[in-house]
Amino acid sequence: MRWRYLSSSSSIVRWPGGISLLVAVVMLMSWSTTAPTQAAATSCKGDAAGITLPDGFCATIFADNIGHARQMAVTPDGTLYVNTWSGIYYNNGPVPAGSFLVALKDTQGNGHADVIERFGETVASGGRGGTGLAFHNGMVYAEINDRIVRYPVTPNEIAPKGKGETIVSGLPVTGDHPMHPLLTTPKGDLFVDLGSATNDCEKKNRFPHSAGNDPCTEKATRAGIWRYDANKTEQRFSPAERFASGLRNGEGLSLDGAGRIFVTQHGRDQLREDWPELYSPRQGQDLPAEELVELRQGADYGWPECYFDNQQRKLVLAPEYGGDGGKKVGICAERQEPVAFFPAHWAPNDMKIYLGTNFPKAYRGGAFIAFHGSWNRAPGPQGGYNIVFQPLADGKANGAYVVFADGFAGAVKDPGRAAFRPSGLAVAPDGGLFISDDVHGRIWRVSYQGGDLEAAVVAAPVGVTQATASAKALPPEGIHPDAGNDTGQLPVPKGFTKEQVALGNRVFHGEEAGATCGGCHGSDAKGSPIAPDLTDGKWLWSDGSLQGLEATIRNGVAEPKAHPPAPCRQWAV
């Protein structure tokens, strides 16, 4: 069974009753541009996988269009299980028919799943999907809503047919990070990540100059790793099971060959936006680092009081807790530093330590990390949207990371317009690497066919040449290839010109003036979890007049409306 991916998109935002916002943006800003070049071709002959890999590696499209595919797990017989997620994080977008959990198997040995079956909860049963997934002791463990549920798999069965058993319920699902990635260990521990509800435990989430709650009471129930018994049903969430704290959003969890557990850490946002007197635009783009840490019981990894400064290579005090832009260290000297670190805002959504034997020996024991991609690196270009390999030895970094797989985003690295965004990883019994995408639900299978097991770790060819930052206000995503080509269909308000409307359209998409409108409101302006729909003609903060829009854009808003509190509150018009 082969499913093909079909899509269409337009750079034009058609807003019934709302074109004046474009004009308002045009009148309030000044512009400059820069352009990226086209993506490199696929690295695998005979299969248009659409990504680039180092020489000797090959990717096939294992499956397509299965939903917002998040994390995965593989059984000893090669069956792949995938958790898919919908709901507000995807504009309540279309949910594939059937259940959220997917079982896939390649029975022909050609790198493509010919059996695809769904199981578990559906929309009709109240399901909203999830992120976390693991396979343990013959059972699939999956996050669904506020629960971790397990499904026994019987012999000769691909998708479980029985009803799931609840292992843990009552997990927090509010705030900025409602997902629950998980890890099971051979001895039966179940580790669950509970991301923070806020950016930095501020008294007013993501508002300029808002001090942090001290102490941060949120840490009792969020921003850490919790441990449960994978073999015990009907457990209830409580602060008592907290294993480690200070992890803002630890989505990727994996065991190494010695039994050590490693976790990725999403660094905080908005140093520049919330504290412009302390951080330059470039520092807002480059700080703080994303992290890979070793999980230790009782350890505190710094959030919210600290962040890892990847330029100084140390934890420093956050401005919400008395920091001065990176000089003060204070209590951060007592917090646990990372094993390795990576560029800011790349969003590490999953991580797997490679214990297979198919790849060259230099990859064994190292960490593959799926970077979902940034939305907030202006005035520089957006980054991430790739798979990185970090060499490790004896639990420590053993050299610099390299970009192992690239080209997922296509021509535009932008959260609303990227063709694909890496989200999950799994290592097959034969050593192949599965990569999932949560935009169109594509899954790749990467294998090594080079024949040289002594080959060194090298980077993939660059999938997209990004725009180069300069002292001017530059667009975060570069110029889209179809920018401004269809603005003739947009209405032109009285007193304005077609050229102004076209310019407003480019500003919205981040092609001029360093604007990030589309990053929050969505490339089609139909809203996202962090900003409202601009196409429905409903004005949240003004009457839609040019004067009202100017005032809202200039002054911001007191509280967000019609969407969760999040980064784009100042543009929630």
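Scroll up to find the structure this text is about.
Residues numbered from 1 in each chain as written. Predicted model: local features only at pLDDT ≥ 70, side-chain atom pairs only at ≥ 80, totals over all residues. Heavy atoms only, no water.

1. A closer look at the overall build of the chain
The number of helices and strands found in the chain is 6 helices and 29 strands. In the chain, which comprises 573 residues, the share counted as buried stands at 61%. In the chain, of all internal contacts separated by at least 6 residues, the share reaching a separation of at least 24 is 63%. Here the chain has roughly 21700 Å² of accessible surface; of this, 51% comes from carbon and sulfur atoms. (Helix = DSSP H or I, 4+ residues; strand = E, 2+ residues; numbered from the N terminus. Buried < 20%, exposed > 50% of the residue type's maximum accessible area, 1.4 Å probe, protein only. Contact = heavy atoms within 4.5 Å. Areas by Shrake-Rupley, 256 points an atom, 1.4 Å probe, with all protein chains shown as cover.)

2. A short note on the environment of Asp77
Tracing the backbone shows Asp77 in the loop between strand E2 (69-74) and strand E3 (80-84). For Asp77, the side chain forms a polar contact with the side chain of Lys105, separated by 3.1 Å. (Polar contact = N/O pair within 3.5 Å; in protein donor to acceptor, adjacent residues only side chain to side chain.)

3. Focus: the pattern of salt bridges
Applying the stated criterion across every chain, the model contains 27 salt bridges. Of the charged contacts in the structure, one is a salt bridge between Arg70 and Asp438, with a shortest N-O distance of 2.7 Å. You can see Arg70 sitting in strand E2 and its partner Asp438 sitting in the loop between strand E28 (433-437) and strand E29 (443-448), a full 368 residues away along the chain. Among the residues examined, Arg70 registers a relative accessible area of 3% and is labelled buried. Lys219 is paired through a salt bridge with Asp300; the nearest N and O atoms lie 2.7 Å apart. One end of the pair, Lys219, is in the loop between strand E11 (189-194) and strand E12 (224-229); the other, Asp300, is in the loop between strand E17 (290-294) and strand E18 (306-309), and 81 residues separate them in sequence. Asp300 sits in the buried class, given a relative accessible area of 17%. Each member of the salt-bridge network shares a partner with another, and the members are Asp176, Arg206, Arg248 and Asp269. (Salt bridge = Lys/Arg side-chain N within 4 Å of Asp/Glu carboxyl O.)

4. Overview of the sheet that holds strand E5 (residues 115-119)
Across the sheet, which stays open at both edges, the 4 strands sit in the order E2-E3-E4-E5 with antiparallel pairing between neighbours. Looking at the sheet topology across the chains shown, the edges are occupied by E2 and E5. Put simply, the sheet's adjacent strands are angled 25° from each other on average, direction ignored. (Pairing = 2+ DSSP bridges. Axes fitted to C-alpha atoms, helices over the stretch in contact; angles between N-to-C directions.)

5. Quick notes on the sheet that holds E28
Each strand in a sheet pairs with another by means of backbone hydrogen bonds, the pair being arranged parallel or else antiparallel. Read across the sheet, 4 strands follow the order E1-E29-E28-E27 without closing on themselves; strand pairing throughout is antiparallel. Across the chains shown, the open sheet's two edge strands, defined by having one partner strand only, are strand E1 (57-63) and strand E27 (422-427). Averaged over all pairs of adjacent strands, the angle between strand axes in this sheet comes to 25°, irrespective of strand direction. Relative to E29, E28 is paired through 4 bridges, and the arrangement is antiparallel. In the strand pairing of E29, Ile435 is matched with Trp444.

6. Concerning the state of the cysteines
Each disulfide consists of a covalent bond between the sulfur atoms of two cysteine residues. All told, the structure shown has 2 disulfides when counted by the stated rule. Paired by a disulfide, Cys201 and Cys216 hold their sulfur atoms 2.1 Å apart. Because the sign of the S-S torsion sets the handedness, a value of about 100° for the bond joining Cys201 and Cys216 places this disulfide among the right-handed ones. With Cys201 in the loop between E11 and E12 and Cys216 in the loop between E11 and E12, this pair connects stretches of sequence that are 15 residues apart. (Disulfide = S-S within 2.5 Å.)

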